[in-house]
Amino acid sequence: MEWQDEGIVLGARRHGEANVILELMTAAHGRHLGLVRGGRSPRLQPVLQPGNGVCVVWRARIEEHLGHYAVEATAMRAARFIDSPLALHGLGTLTALLRLMPERDPHPGLYEALSVLMEHLDDPAVAPALIVRFELAVLAELGFGLDLSCCAATGGTQELVYVSPKSGRAVSRAAGEPYRDRLLPLPSFLRQGGLVDTIGADDVLAGFRLTGLFLSRHVYEPRGLAEPDARRRLVELVARGGAPGQGGSVRSGARREA
Amino acid sequence: MPSPVGPEIERLIQLLARLPGLGPRSARRAALHLIKKREQLLAPLAEAVRVAAERVVVCSSCGNVDTSDPCAVCSDARRDPSVLIVVEDVSDLWALERAAVMNARYHVLGGVLSALDGVRPEDLNLDRLVARASAPEVKEVILALNATVDGQTTAHYITDLLSHLPVKITRLAHGVPVGGELDYLDEGTLSAAIRQRTAF
């Protein structure tokens, strides 16, 4: 068995003294693990940092085997990320989330979104909103996608400002008004066709609360897991405007690119 | 196939094979060498191992290993008490001591935050670090952590943790190693070196 693919490093676990088991999100083979001989060498260690883009050749005698990776770097992003707490906490959030995806199950759409996100992960103007959108995409890939296209009560598509925590469907302002204490706010940058110039930090936090609730209910709790520490730290960072240059609002590029 | 040696020697080989850098074959060679040098090597080694097992303790102040608590580094009055160097592991402390560039005190975290390995803040020696950094004589905390994603995530976490204290927090520079040729460096290291360039 042999194939070649591109991928993004999710993590590398020590295997013996010289080798590592590399975990990648690949374009055509999904989350895929493989042994990298000499992965702890000074030459390969910088390449196998989370967030880096790599081109790999995977070889194994039969498909069920762990197999070996031959790795070549294509994008050394980790060196850029380590200067940015936003990028590091974002990276931790994304890798923890992707680790819950089934192994060897291709998700080309998710990979494409991840590739875009990686290019902007240290950009406080777009990264937090992109991560919210990515979490929504993961929920959808796992079969728990939210329906934000029309009102769950009226079927209308205008003024969708709430989300039902029960059904995960959008609710219009008029239909949701009597129950607004029990509904979640739908941030403007997640609304269908909602073109916005700037995304406020409050909107991003509302987005994290929205995805956090459904991730906990459908993804973390059934697996007996708590919300990842990195996600908690990321949300705290956004809440206190600690992302350098964040200044309380983010650009709408997130809406277009995820 | 029956072992050509007795259970005692087989046990010695098995234990040696667990050491870093040794596999079953090299453990056999080491065991054979020890047996051949019984008086000069085996007996003194056994005694040294016994003494170390009895006396080695983890320093309750910095997390270093030594035969006394506090350790020799912490109890050395000639060290600068205003600088605290935070390292991941004892091996990093030893590496910095070999370099002999700072006559400061250390703090060993005992690991770095890692989602993959399940290492959380409560698994690290952080409470003691905050207490030590709060001491009035401490003016600077140097985060000498690995230039990896996990190492720097931990560095940022510690920076947040100590942000309320009146101490200067610094970290090691990232860039071109001495003797390194630019042509052979990875792009990430080169870009970090360019970003962190200094006036010449």
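Remember, it's a predicted structure, so these values are computed and weren't measured experimentally.

Peer 1: So what's going on with the overall build of chain A? Which residues, and what values?
Peer 2: In terms of regular secondary structure, chain A is built from eight helices and ten strands. Its C-alpha atoms give chain A a radius of gyration of 19 Å, near enough to 18 Å, the size a compact globule of 258 residues would have. Each principal axis of the C-alpha atoms in chain A carries an extent, and together these give about 60 × 40 × 30 Å. Residue pairs at least 24 apart in sequence account for 58% of intrachain contacts in chain A once pairs closer than 6 positions are excluded. Accessible area for chain A stands at about 11,200 Å²; split by element, carbon and sulfur atoms hold 49% of it. Charged side chains in chain A number 29 positive and 29 negative. The centres of these two groups are separated by 3 Å.

Peer 1: Got a sec to walk through the domain arrangement of chain B? Specific residues and values, please.
Peer 2: With domains assigned, chain B is organised as domain 1 (15-55) and domain 2 (65-171). Look at where the C-alpha atoms of domain 1 of chain B and domain 2 of chain B centre, and you get two points 33 Å apart.

Peer 1: I'd love a proper account of the packing of aromatic side chains, names of residues and values included.
Peer 2: In this description, a pair of aromatic rings is defined by centroid distance and the angle of the planes. Residue and element names in this part refer to chain A. Across all of its chains, the model carries two aromatic pairs over all chains by this definition. Centroid distance tryptophan 3 to tyrosine 69: 6.3 Å. Interplanar angle 70 degrees. Geometry classified as edge-to-face. Here tryptophan 3, found in strand β1 (residues 2-15), pairs with tyrosine 69, found in strand β5 (residues 68-75); they are 66 residues apart in sequence, far enough to count as distant. One exposure class covers both tryptophan 3 and tyrosine 69, and it is buried.

Peer 1: So what about the packing of helix α3 (residues 108-120) of chain A against helix α4 (residues 127-141) of chain A? Which residues, and what values?
Peer 2: All names here are of chain A. Contact geometry for α3 and α4: axes closest at 10 Å, N-to-C directions at 165 degrees. The orientation of α3 with respect to α4, classified from their angle, is roughly antiparallel. Handedness of the α3/α4 crossing: left-handed. Residue-level contacts link Leu110, Ala113, Leu114, Leu117 and His120 of α3 to Ala127, Leu130, Ile131, Phe134, Ala137, Val138 and Glu141 of α4. Of the residues in the contact of α3 with α4, the class split is ten nonpolar, one polar and one charged.

Thresholds, definitions, all that
Residues numbered from 1 in each chain as written. Chains lettered and ligands numbered in written order. Predicted model: local features only at pLDDT ≥ 70, side-chain atom pairs only at ≥ 80, totals over all residues. Heavy atoms only, no water. Helix = DSSP H or I, 4+ residues; strand = E, 2+ residues; numbered from the N terminus. Rg over C-alpha atoms; globule rule 2.2 N^0.38 Å. Contact = heavy atoms within 4.5 Å. Areas by Shrake-Rupley, 256 points an atom, 1.4 Å probe, with all protein chains shown as cover. Lys, Arg positive; Asp, Glu negative; His and termini not counted. Charge placed at Lys NZ, Arg CZ, Asp CG, Glu CD. Domains from an automatic or database assignment. Phe/Tyr/Trp six-rings, centres within 6.5 Å; stacked < 30°, edge-to-face > 60°. Buried < 20%, exposed > 50% of the residue type's maximum accessible area, 1.4 Å probe, protein only. Axes fitted to C-alpha atoms, helices over the stretch in contact; angles between N-to-C directions. Parallel < 35°, antiparallel > 145°, perpendicular 65-115°, else oblique. Left-handed = near helix turned anticlockwise from the far one by under 90°. Nonpolar A, V, L, I, M, F, W, Y, C, P; charged D, E, K, R; others polar.

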